Amino acid sequence: MNPPHSYWSWRTLANGALTKPGIAGYPHVEPAQELLLEATQDLTGAGRALDLSARGGAVALRLRENGWAVAATDEGAASLAALHKLELTDAGGQAELVCLMLSAERGNARVQAQIAQAWSRTALSGVLLLAGDKDKGFERYFKQAVQIFGGGEIVQRGNGYRVARLVKTKLEPPVTPEAQHFIISARGRSVRCSAQPGVFASGKLDAASAVMLEHLPNASGKRVLDIGAGYGALGVTLALEGATVTMLESDALSVQSCVETLALNGLIGSVLHSDVDAKLPANARFDWVVMNPPFHVGRDLKLEVALEFIAAAGRHLGAGGEVWLVANHFLPYEAPLAELGVLNVVTLERGFKLLHVTRV
Ligand SMILES: C[S@@+](CC[C@H](N)C(=O)[O-])C[C@H]1O[C@@H](n2cnc3c(N)ncnc32)[C@H](O)[C@@H]1O
């Protein structure tokens, strides 16, 4: 159970869909999903429909109202919590109608993985409704999807967004992008890493995370919580040094990457697909909490998630525990961190700051 906090408060949208901080588009429906809502307005049917990027369920609920047997899923843990509350689930298999919003902000490889997944989940002669942002390569991705599906046209336009309707007539499976395997050098060690398509800093050690890893003291024997773990750069490096690590991550492909990165290094750790600490037992306590928090949700600059990372650190720090947070120098994390204990600025370098709090 989480303590009462606005981050965890659900807001009900027009057709019963849910939203909260951490769900893209909060406090509204994302513009691409708005356009999908328009495209599905009069789309009645008696077959199976599947929403692969369902967010808080707006399109899935619309399709259910229109007579479809609806399944829904999403990459994000907060969205999965909303779908669970709405009793929208995904048991696998194919559907006659599939909806997908492209996560273009996560790059080409993620979009290609999404389109390949949509192809495999669409029944032959079935329809994919594909939504995306014109300024984030939608026309190009649409053309790639047409090659894979067999045919299609753009059916809805508005506010820079597009919805295309594709019909699956091709049986040849598309190439699915694979995980990237690479090695990062940190703390005098080589860490073998795996990153699924579109995972943060895939192929490298993020420059801010590098600053943190250069300044942390020895982690051996520490119980470490890594919030927003990505492919595991911080958590797995510290686990190699002898820490016992728990990693929290909201993005499903990042969770998979963390599991793979641990395995590549012959390590055991705990990885939870979790909106901040929602999946962590309330009584879990750690010596260190490390984080390089996100400051975007979808395409918007938003700090709610980062501030909740800090609040979660406070919930799970043991007596004398320490928080290590690295961020771009301009992000305003000092005041909420100072509420947790004694704050000091460890370093300001390369445009980043490493902040440290000791619980007293
Ligand atoms: C700046 S990246 C840092 C990744 C990794 N720690 C590193 O240093 O490479 C922030 C991470 O937070 C994750 N994230 C975003 N929102 C989250 C949430 N609500 N709960 C948990 N993780 C989240 C993102 O998916 C992303 O992997």
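The rules behind the values
- Residues numbered from 1 in each chain as written.
- Predicted model: local features only at pLDDT ≥ 70, side-chain atom pairs only at ≥ 80, totals over all residues.
- Heavy atoms only, no water.
- 1 Å grid on protein atoms, 1.4 Å probe; cavity = no way out; pocket = protein on both sides within 12 Å on 5 of 7 lines; lining within 4 Å.
- Points joined across faces, edges and corners; volume = space filled by probe spheres on them.
- Nonpolar A, V, L, I, M, F, W, Y, C, P; charged D, E, K, R; others polar.
- Domains from an automatic or database assignment.
- Contact = heavy atoms within 4.5 Å.
- Buried area = accessible area lost by both parts, 1.4 Å probe.
- Salt bridge = Lys/Arg side-chain N within 4 Å of Asp/Glu carboxyl O.
- Polar contact = N/O pair within 3.5 Å; in protein donor to acceptor, adjacent residues only side chain to side chain.
- Helix = DSSP H or I, 4+ residues; strand = E, 2+ residues; numbered from the N terminus.

Counting across every chain of the model gives 1 cavity of 30 Å³ or more. A volume near 50 Å³ is recorded for the largest cavity. Lining the largest cavity are 14 residues, with Leu-13, Leu-18, His-28, Gln-33 and Gly-56 sitting closest to its centre. Here the lining of the largest cavity is built from residues that sort into 7 nonpolar, 5 polar and 2 charged.

Let's shift gears to the domain arrangement of the protein chain. Domain annotation of the protein chain identifies domain 1 (6-168) and domain 2 (180-358). The centre of domain 1, based on its C-alpha atoms, is set 30 Å off from the matching centre of domain 2. With 22 residues of domain 1 at the contact, the number on the domain 2 side is 23 residues. Taking both sides of the interface into account, the surface hidden between domain 1 and domain 2 amounts to around 1,600 Å²; carbon and sulfur atoms contribute 53%. Summed over the three residues of domain 1 that lose the most area to domain 2, namely Tyr-7, Trp-8 and Arg-110, the buried surface amounts to 33% of that side. Remark: the boundary between domain 1 and domain 2 carries 3 salt bridges. Between Arg-110 and Asp-251 there is a salt bridge, and its shortest N-O distance comes to 2.9 Å. For the interface between domain 1 and domain 2, the tally reads 10 residue pairs in polar contact (both at pLDDT 80 or more). Residue assignment for the side of domain 1 that touches domain 2 shows that the elements contributing at least two residues are helix 3 (77-85) and helix 4 (108-121). Residues that form the side of domain 1 that touches domain 2 fall into these classes: 12 nonpolar, 3 polar and 7 charged.

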